[in-house]
Amino acid sequence: MADPLLEFFTQMDIQGGVVVQGEYSPKFDLDLYIQNYRGRTRFDRLLLIGRSSVKLCVEALKAALAEAKRGRDTQRYRDVFEYLRVAAPNDPDAVFDKKWVDRQDVANHEETQRLLTELKGYKNNLVKESIRMGNEDLAKHYEAIGDLNAASEHYSKMRPDVSTAKHVIDVGKHLVRVAIQRREWSMVAPHLVKMTLGGQYPEEERNAQPFIRVASGIALLGQEKYWEAALSFLDADPNVPPKAYNELASRNDIAVYGGLLALATMDRKQLQSMVLENQNFRVFLEPEPHIRRAVTMFVNGRYSACIEILEGYRTDYLLDIYLQKHVSKIYAKIRSKCVVQYLIPFSCVSLDTLEKAFGSPERPIEEELAVMIEEGVLEARIDGLERLVNTVKIDPRAQMQASALVSAENYEKQAIERLRRMAIAAADLELMPTKKQGLHLPLGGDISFGDQEIVMG
Amino acid sequence: MESTLATLVAFPSAGQLGDNEEYHKAAQAHTKTLTRLSADSKWASEAPQLIETLKSSNGYPLDDLLLKLTTFLTSFDAGQIRYAGHAFTKLLTQPRLQDLFPASIAVELITTALLRLDPTGSVLTSHHTYLVRFAYMTNNIEPVLPIIEKSIVFYPGMKGSTSTRNLSDPDLPPSGFITVENDFTKSLENKDILEHDLLRGLCFIQRRSWQQAFDAFERVITYPSRDNTNASKIQVEAYSKWVLVGLLLNGKAPVLPPTTPNGPRKVYEVTGKPYYSLAQAFEKRTAESFKTEYEGLSQGFWDEEKNVSLLKLVIEHYQKWQILNLRHVYSRISLEQIRTRTQSAETAAPLGSVQEIEALVQGMIDEGLLQGEVVHPENGLAYLAFSSTADDLSEEEFTRRMVATAQRIKALGPVVKATNERLASNKDYLKWLAQQKKHEQQGQSQGGGPVDVTGFGDVVEDEDLMTGIVAG
């Protein structure tokens, strides 16, 4: 029989998932890693690692199975069991606990009914605080059993009955958490806006700050707004204990997300002032010294060293729930930024020098440069004969002249077009609905295109 | 006969008459006499003798009627002709000139005559539509170019174009006398106009003037449409050609101008889908999907669409544009690299040999499509060196183009003036003007402050002529 693991990852690959090959071993310990998180994100993260890392597959899936069983969401249990059954059919854990599932399903149903009845009672009594709590309990229950839609609905219903700043923050947190779980990135920002209290409750706001920053960063990352996402992560307050936000991300994550995105979008000066000299962010960077090193290398102009460090961690980041989809894009951005920065002081660099600094065996640097120039990232021309890269200095005079010509020509074109349209309107010659609404007759008169193919001179 | 002759030559030459008014009156009277004369039964018998007499008196080499016709059409008095629209039209259509002359000469004659009549070339007449169609059908594009290169901005039947001024007024815009009433043109329908621009585009295709062809087709596809009327069949045809020519011209899929009305836009999106997908595929790096697109449509489709030759050119240009685009990346590139980096759209594979690439590149240079040269340095490889200044304008070139544009814009002055005049005599505008005046008087008689007068735009239903053009 074929290797079940191989079969499993073939399937994952076909489904379009990211597969991290066996020979790369992640630089973290699964147990320690998952301890950093709280709530439903634990399962999501374990499942993602199980689906992506050949090395950690079975371990992560088993952990996810256990995690699911600790909770109340039976669908999650079924899902992860399905994966484990394919990946490790002979594992002692790969036995479906039908009894538990059935029991849990019944219990979930009863709990839903109970909470609904309770809420109804609260509503009859018209006590706002009870209604708010009733909704919260029900929504929490829905979230726990995986009905995120209903959860979101009831969390929203809490809002009319809030009475304190903490309540406002709580509603926001709940809604944001559910939106992120559902990957509805654009929904996150509106919920976050409603969490700002306008400076009246400094204590609450301070505590909510890192949550807001992290959530907004994750949502922006999801929408590929890397620069804004970087700013958001860099602004997080390190003095609030991680418990406030570790349903979304850990302290290490903030360092990694913030650092990588800053590297991908900022220039050297900004990196120096906004990352390295950022007292708050330094605290986050402490447990992730390699990110700090990579940024330092970039700022110091040692671009190949920067790239080397990052490449060492590529697989780790591919196992991150929010980064996975963006790793290759972010890395490509950093890489091309390195090349651009490298070229800035020179008017002309030989391809061989560049090859030495950035070349990789898979892809010659010339090809990469060509793509960068095509995409407009780099203003340069490659001289294939002398094997040189010449940077192009933009001539503002030529640019101005070109744009002047374009606007003059556009002006003429628009003027004629306007005159023509006025004349057509005045002569009542616009296309008008005919009695037989539809296509007009073909070319009339004695002309027929049927027998007149265009003869090319 | 004496009297007839005397009547005919009775009109004084331009210098003898004083002002316009006098000229106008004399011309009107003369026209009337002539019309009466030609209706007279005596005319038919007297005409041949008359010609004889004229021959001897003026010393014209009149042994050839055609020559006389030619002389007339190329040298008639642009002022007098305004009174003779009926005769002018008759001359051009009965007997048809192409029956008397070889087609190329007929085209040239009509072109010259129409431009003498209206040197601005801004008014469309039924002669134009006929001429362009005839020129295209007989493949006489060159002689008709002076006419089709002009931008038409006036159409017969415009409300308010009949001027109160005399026909002899030198400031009278061409749209003031080239009218259906003066018999210079028959009235036209919108399909005539669309067809005219489509044919202009086809003529330019023959000349391989891609930019002009593209502009002509653009006029067809952006033709204004009322109440979201669907595109006409001519427009759909123009759209397909517009896309293909756009690919030849810019190497990328053209974007519908913001002035395209919504009704036709929807039609293009549906019926023009094959062309749109083709254009999208043209922009791809590898030729595979482009090949799939055009092969996915049967030969029958292309035959029916009458775009076979154009498509062939587009296929040919796929690789050419790939090579052209390399100029943004390379200053010099080996032909071997060009070979591996570009693909022929016919085979969806790189060309077989460097020699083929060299031939292709050399062809592009000779054609003027590519600025650069093939060099053979000592290392034994051949390279294409793009000329570095190809994209930059020289000071002279910049000045020349700027001045040319400025002059063209200046030349629009009279046209704008004519349009202004026409709009100023618009009934709705006058109504508003009168209203405003009344308000003003009321304001004065009441001795009050400024009266809040609603603007013209508020009174008249706003016809949005140029939706989105400013943004675009």
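Residue numbers run consecutively from 1 along every chain, following the written order of its sequence. For this description, chains carry letters from A and ligands carry numbers from 1, given in the order in which they are written. Local features in a predicted model are, by the rule used here, given only for residues with pLDDT of at least 70; side-chain atom pairs are given and counted only at 80 or more, and totals for whole chains, interfaces and linings are based on all residues. Heavy atoms throughout the structure, all of them, feed into the side-chain values; hydrogens and water do not.

S.K.: Before we go on, may I ask you to explain the domain arrangement of chain A in this structure?
M.R.: For an interface, size is often stated in terms of accessible area lost upon the parts coming together. Each domain's extent is set by a domain assignment, obtained either automatically or from a database. Taken domain by domain, chain A consists of domain 1 (4-96), domain 2 (164-343), domain 3 (348-391), domain 4 (394-426) and domain 5 (430-457). Computed from C-alpha atoms alone, the centre-to-centre distance between domain 1 of chain A and domain 4 of chain A is 61 Å.

S.K.: How should I be thinking about the pattern of salt bridges in this particular structure?
M.R.: Salt bridge, as applied in this entry: a Lys or Arg side-chain nitrogen positioned within 4 Å of an Asp or Glu carboxyl oxygen. Summed over all chains, the structure comprises 53 salt bridges over all chains. Note that A:Glu374 is salt-bridged to B:Arg341, the shortest N-O span being 3.5 Å. Pair noted here: A:Glu374 is in helix H20 (residues 365-374) and B:Arg341 is in helix H19 (residues 335-341), and the two residues belong to different chains. Through salt bridges with shared partners, a single ionic network connects A:Arg38, A:Glu143, A:Arg177 and A:Glu247. Secondary structure elements follow DSSP: runs of H or I of four or more residues count as helices, runs of E of two or more count as strands, with numbering from the N terminus.

S.K.: Looking at this structure, I do not really get the sheet that holds strand S2 (residues 372-375) of chain B. What am I missing?
M.R.: Whenever strands of a sheet pair, they do so through backbone hydrogen bonds, lying parallel or antiparallel. Note: two strands are recorded as paired if DSSP finds a minimum of 2 bridges between them. With respect to topology, six strands assemble into an open sheet ordered S1(A)-S3(A)-S2(A)-S1(B)-S3(B)-S2(B), the strand pairing being mixed. Two strands lie at the open edges of the sheet, namely strand S1 (348-350) of chain A together with S2 of chain B, each paired on one side alone. Between one strand axis and the next, the sheet turns by 20 degrees as a mean value, whatever way the strands run. Where strand S2 (residues 380-383) of chain A and strand S3 (residues 388-391) of chain A come together, four bridges link them in antiparallel fashion. Bridging across to S3(A), A:Ala380 finds its partner in A:Thr391. Contacts: residue pairs with any heavy atoms within 4.5 Å of one another. Orientation is described by axes fitted as lines to C-alpha atoms, over the contacting stretch for helices, and by angles from 0 to 180 degrees between their N-to-C directions. Against the sheet, helix H20 (residues 354-367) of chain B contacts S2 and strand S3 (383-386) of chain B, and its axis sits at roughly 150 degrees relative to S2(B).

S.K.: For this particular structure, what's the right way to read the pairing of S3(B)?
M.R.: A regular strand places its side chains so that they alternate between the two faces of the sheet. Residue and element names in this part refer to chain B. Alternating residues of S3 divide into Tyr383 and Ala385 and Leu384 and Phe386, and every residue in both groups is buried. Bridge analysis of strand S1 (residues 330-334) against S3 gives three bridges, and the strand direction is antiparallel. Paired with Ile333 across the strands is Leu384, a residue of S3. The cut-offs for exposure are 20% and 50% of the maximum accessible area for each residue type, with area from a 1.4 Å probe on protein chains only; residues under the lower value are buried, those over the upper are exposed, and the others partly exposed.

S.K.: What am I meant to see in the environment of A:Glu386 here?
M.R.: All names here are of chain A. Structurally, the position occupied by Glu386 is in the loop between S2 and S3. What makes Glu386 partly exposed here is its relative accessible area of 48%. Sequence separation between Glu386 and Ile131 is 255 residues; the distance between their C-alpha atoms is 77 Å.

S.K.: When you look at the side chain of A:Thr41 in this model, what are you seeing that I'm missing?
M.R.: All names here are of chain A. Structurally, Thr41 is set in helix H3 (residues 41-52). According to the relative accessible area criterion, Thr41 is buried, its value standing at 6%. Apart from the residues within four sequence positions on either side, Thr41 is in contact with Asn246, Glu247, Leu248 and Tyr322.

S.K.: How should the UniProt feature "domain: PCI" (unreviewed entry) in chain B be read in this particular structure?
M.R.: UniProt positions are given in the numbering used here, feature names are shortened, and annotations may be inferred rather than shown by experiment. In this numbering, the UniProt entry assigns the feature "domain: PCI" (unreviewed entry) to residues 212-388 of chain B. For the annotated span residues 212-388 of chain B, helix accounts for 58% and strand for 7% of the residues, and the straight-line distance between the end C-alpha atoms is 27 Å.

S.K.: Just to check I follow, could you spell out the packing of aromatic side chains for this structure?
M.R.: Residues and elements named next belong to chain A. The pairing test for Phe, Tyr and Trp rings, Trp by its six-membered ring, is centres within 6.5 Å, and the orientation test on the planes gives stacked under 30 degrees, edge-to-face over 60, and tilted for anything in between. Taken as a whole and assessed by the stated rule, the structure comprises 25 aromatic pairs over all chains. Taking the centre distance of 5.9 Å and the plane angle of 85 degrees together, the rings of Phe8 and Tyr83 count as edge-to-face. Here Tyr83 lies in helix H5 (residues 74-87) and Phe8 lies in helix H1 (residues 4-14), a separation of 75 residues in the sequence. Each ring, one from Phe298 and one from Tyr303, has its centre 5.2 Å from the other, and the planes form 75 degrees; the classification is edge-to-face. A relative accessible area of 0% means that Phe298 is categorised as buried. Take Tyr303: its relative accessible area is 4%, and that puts it in the buried class.

S.K.: Explanation requested: the pairing of S3(A) in the structure shown.
M.R.: Residue and element names in this part refer to chain A. A one-sided burial pattern is seen for S3, the buried positions being Val389 and Thr391 and the unburied ones Leu388 and Asn390. Where S1 and S3 come together, three bridges link them in antiparallel fashion. Counterpart to Cys348 in the pairing with S3 is Asn390. Counting the residues that bridge the hairpin from S2 to S3 gives four residues, and of these Arg387 lies at a positive phi of roughly 55 degrees.

S.K.: It is not clear to me how the interface of chain B and chain A should be interpreted in this structure. Could you clarify?
M.R.: At the junction of the two partners, chain B supplies 81 residues and chain A supplies 63 residues. Carbon and sulfur atoms make up 60% of the area that chain B and chain A hide from each other, which totals about 6800 Å². Accessible area that two parts lose when put together, evaluated with a 1.4 Å probe and summed over both, is termed the buried area. In terms of surface lost to chain A, no three residues of chain B exceed B:Arg226, B:Val329 and B:Arg332, which account for 9% of the buried area on that side. Taken together, the connections running from chain B to chain A amount to ten salt bridges. For B:Glu395, the salt bridge identified is with A:Arg397, shortest N-O distance 2.9 Å. Within 3.5 Å is the distance limit for a polar contact, defined as a pair of N or O atoms, with the added protein rule that one can donate a hydrogen and the other accept it, and that residues adjacent in sequence qualify only through two side-chain atoms. Counting across the chain B and chain A interface gives 28 residue pairs in polar contact (both at pLDDT 80 or more). If you tally residues by element for the side of chain B that touches chain A, the top one is helix H11 (residues 190-207) of chain B, at eleven residues.

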